[in-house]
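Examination of the molecular architecture
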Amino acid sequence: MSEAEQAPASVPEVLDALNATDSNGTEVLNATAKFVATPEGTALAYGSLVFMALVPIFFGALRSVTCSKSKELGENDYDSGFRNAADMPETITSRDAARFPIIASCTLFGLYLFFKVFSQEYINLLLSVYFFVLGVLALSHTMSPLMSRVFPASFPNKQYQLLFTQGTGESKEEIVNYEFDTKNLVCLLISSVVGVWYLLKKHWIANNLFGLAFALNGVELLHLNNVSTGCILLGGLFVYDVFWVFGTNVMVTVAKSFEAPIKLVFPQDLLEKGLEASNFAMLGLGDIVIPGIFIALLLRFDVSLKKNSRTYFYSSFLAYIFGLGLTIFVMHTFKHAQPALLYLVPACVGFPVIVALFKGELTEMFRYEETSPEEAETKEDSSEKKDQ
């Protein structure tokens, strides 16, 4: 996080966008050097960023529970609403978590070299088109459940299927099999309008709509398989964040050069200039998604306990608010950009662990395990062979 005159020093939200499995991240809160924000403008900007960070974590975690139930039933359970493989959650294992900081570092340094060697204008043009497509799809997926409630029951909702196959007869195999309906098409149309707005104007509201969609989809669809994996991932990115923010200028250079909806922004001069304001505070999506998928895991753990209690979810959610608030406080106290994961990781991991120790459920927490559909299918096949 950073404010006036401090270059955005943040974690690689950049990679969030470039990795299909979900990236890392942490950007910063930043404003331009020549502008001196009023106390009211600063409070409004930071308060809005904190609120916007909480929204995808809260609703993404809730949707991850439904998503997890769909995963357990299998991706062909159409009643769950997850009719396509792309809508199924991606399970992150301990091996993935251990490799992630290394992959993220290589990606970040690769981007740094690209911006040093090639024209920033052309790179950002390609990235704009790339994120236009991703943003439209992410926003459409985010809006879909809401649209299902908005449309009346009498709405003529027709079903469609996009199917591409290869070969004939017994050798025929599916390349693409995507099912959608009229409501999905309406969501896609609305999302496309937002996408064109972002592509042409790069307006901060369009940026935030895409950013919120990316963050919510990340929290919903990226599932840690257990708490230990979450600790490995957060611990690795904690070191990654601190190193690249404080140890080199790579993060700062990439963050300043990279133009994409991988951050949430809010103008500090909104009260003076309205929607045309241009001096922004920023929060990287990595600061939202990485703690968010851990918080979502704890909510699913709460559900697995079947105690009608959400103790671990609320404790980690409050810990996130505390950690983000502490980041802003330290940044203002020392007038220096801060890597948010430096404060978010200890808070989001420490608070729930303390609660588990107090309740005597620490062992149960670390034994909680989620399996991917492939692993579940393998276990079923093994058990069937044993029965035979």
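Residues numbered from 1 in each chain as written. Predicted model: local features only at pLDDT ≥ 70, side-chain atom pairs only at ≥ 80, totals over all residues. Heavy atoms only, no water.

As for the packing of aromatic side chains
Convention followed: Here is the rule: rings of Phe, Tyr and Trp (six-membered ring for Trp) pair when centre to centre is within 6.5 Å. Planes less than 30 degrees apart are stacked, more than 60 are edge-to-face, and the remainder are tilted. Think of it in three bands: residues with accessible area under 20% of the maximum for their type are buried, residues over 50% are exposed, and the middle band is partly exposed, with areas taken using a 1.4 Å probe on protein chains only. Whether a charge lies above a ring is judged from NZ of Lys or CZ of Arg, which has to be within 6 Å of the ring centre and within 35 degrees of the ring normal.
In the structure shown here, the tally under the stated rule is 21 aromatic pairs. A ring pair is formed by F114 and F118, whose centres lie 5.3 Å apart and whose planes are at 35°; its orientation type is tilted. For F118, a relative accessible area of 46% translates into the label partly exposed. Through pairs of rings, three or more aromatic residues link up here, namely F115, Y130, F131, Y198, F210, F214 and F258. One residue, K202, lies across the ring of Y198, its end atom 5.2 Å from the ring centre.

Details of the nonpolar core
Threshold: Among buried residues, the Ala, Val, Leu, Ile, Met, Phe, Trp, Tyr and Cys ones that are joined through side-chain atoms within 4.5 Å form a nonpolar core. Secondary structure elements follow DSSP: runs of H or I of four or more residues count as helices, runs of E of two or more count as strands, with numbering from the N terminus. Residue contacts follow a heavy-atom distance rule, with two residues in contact if any of their heavy atoms lie within 4.5 Å.
Core analysis: the largest hydrophobic core is formed by 88 residues, its most contacted members being L49, L233, F258, I288 and Y320. The element contributing the most residues to this core is helix α10 (residues 286–305), with twelve residues. When residues no more than four places from it in sequence are discounted, the contact partners of I288 are A53, P56, I57, A215, L264, L283 and Y320.

Quick word on the pairing of strand β2 (residues 159–166)
Which entries qualify depends on this criterion: Pairing between strands is defined by DSSP: at least two bridges between the two strands are required.
In this sheet, strand β3 (residues 173–181) lies alongside β2 in antiparallel orientation, the contact comprising eight bridges. Looking across to β3, one finds that F164 is bridged to V176. Counted between consecutive antiparallel strands, the loop separating β2 from β3 contains six residues, among which G167 sits at a positive phi close to 90°.

A few points about the pairing of strand β5 (residues 263–267)
Of all five residues in β5, five are buried, a share of seventy percent or more. With burial as the criterion, each face of β5 is covered, one bearing K263, V265 and P267 and the other bearing L264 and F266. Alignment of β5 against strand β6 (residues 280–284), held across five bridges, turns out to be antiparallel. From the neighbouring strand, F266 faces β6, where its bridge partner is A281.

Quick look at the UniProt feature "transmembrane region" (unreviewed entry) in the protein chain
Note the cut-off: UniProt positions are given in the numbering used here, feature names are shortened, and annotations may be inferred rather than shown by experiment.
When the UniProt feature table is mapped onto this chain numbering, "transmembrane region" (unreviewed entry) sits at residues 43–62, 97–115, 121–139, 206–224, 231–255, 280–299, 311–334 and 340–358. Structurally, residues 231–255 comprises 92% helix and 0% strand, and the distance from its first C-alpha atom to its last is 26 Å. Taken end to end, residues 340–358 is 95% helix and 0% strand, and its first and last C-alpha atoms sit 27 Å apart.

A word on the pattern of salt bridges
Threshold: By convention in these notes, a salt bridge is any Lys or Arg side-chain nitrogen within 4 Å of a carboxyl oxygen on Asp or Glu.
Counted under the stated rule, the structure contains six salt bridges. The closest approach of N and O atoms between D96 and R99, which form a salt bridge, is 3.2 Å. Of this pair, D96 and R99 both sit in helix α3 (residues 94–117), three residues apart, roughly one helical turn. Under the relative-accessibility criterion, D96 is labelled partly exposed at 28%. The partner of E361 in a salt bridge is K359, with the nearest N and O atoms 4.0 Å apart.

Some words on the packing of helix α4 (residues 120–150) against helix α5 (residues 182–201)
How we decide: Axes here mean lines fitted to C-alpha atoms, for a helix over just the part in contact, with angles spanning 0 to 180 degrees between N-to-C directions. Small angles under 35 degrees read as roughly parallel and large ones over 145 as roughly antiparallel, with 65 to 115 read as roughly perpendicular and the rest as oblique. Take the far helix as your reference; a near helix turned counterclockwise from it by less than a right angle gives a left-handed crossing, and one turned clockwise gives a right-handed crossing. In this count, Pro and Cys sit with the nonpolar residues alongside Ala, Val, Leu, Ile, Met, Phe, Trp and Tyr, while Asp, Glu, Lys and Arg are called charged and the others, Gly among them, polar.
In contact at an axis separation of 8 Å, α4 and α5 are set at 140° when each is read in the N-to-C sense. When the axis of α4 is compared with that of α5, the two are oblique. Between α4 and α5 the crossing geometry is right-handed. On α5, the residues that touch S128, V129, F132, V136, L137, L139, S140, M143, S144, M147 and S148 of α4 are K183, N184, C187, L188, I190, S191, S192, V194, G195, V196 and L199. Split by residue class, the contact of α4 with α5 holds 13 nonpolar, eight polar and one charged.

Some words on unusual backbone geometry
Positive phi values are uncommon outside glycine, yet K306 reaches one of about 55°. Within the secondary structure layout, K306 lies in the loop between α10 and α11 (311–334). Judged by relative accessible area, which is 75%, K306 ranks as exposed. We note that N308 has phi near 55°; this positive angle belongs to a residue other than glycine. Tracing the backbone shows N308 in the loop between α10 and α11. On the basis of relative accessibility, which here comes to 78%, the residue N308 falls in the exposed class.

Notes on the environment of V150
Locating V150 in the fold gives a position in helix α4. Residue classification places V150 among the exposed positions, given a relative accessible area of 55%. In the structure, V150 is positioned 33 residues away from K183 in sequence and 9.9 Å away in space, judged by C-alpha atoms.

Remarks on the packing of helix α7 (residues 227–247) against α10
Contact geometry of α7 with α10 gives a least axis separation of 10 Å together with a crossing angle of 165°. Judged on the interaxial angle alone, α10 and α7 are roughly antiparallel. When you trace α7 past α10, the crossing you get is left-handed. Listed contacts from α10 to V227, G230, C231, L233, L234 and L237 of α7 are I290, I293, F294, L297 and L298. Broken down by class, the residue content of the contact of α7 with α10 amounts to ten nonpolar, one polar and no charged.

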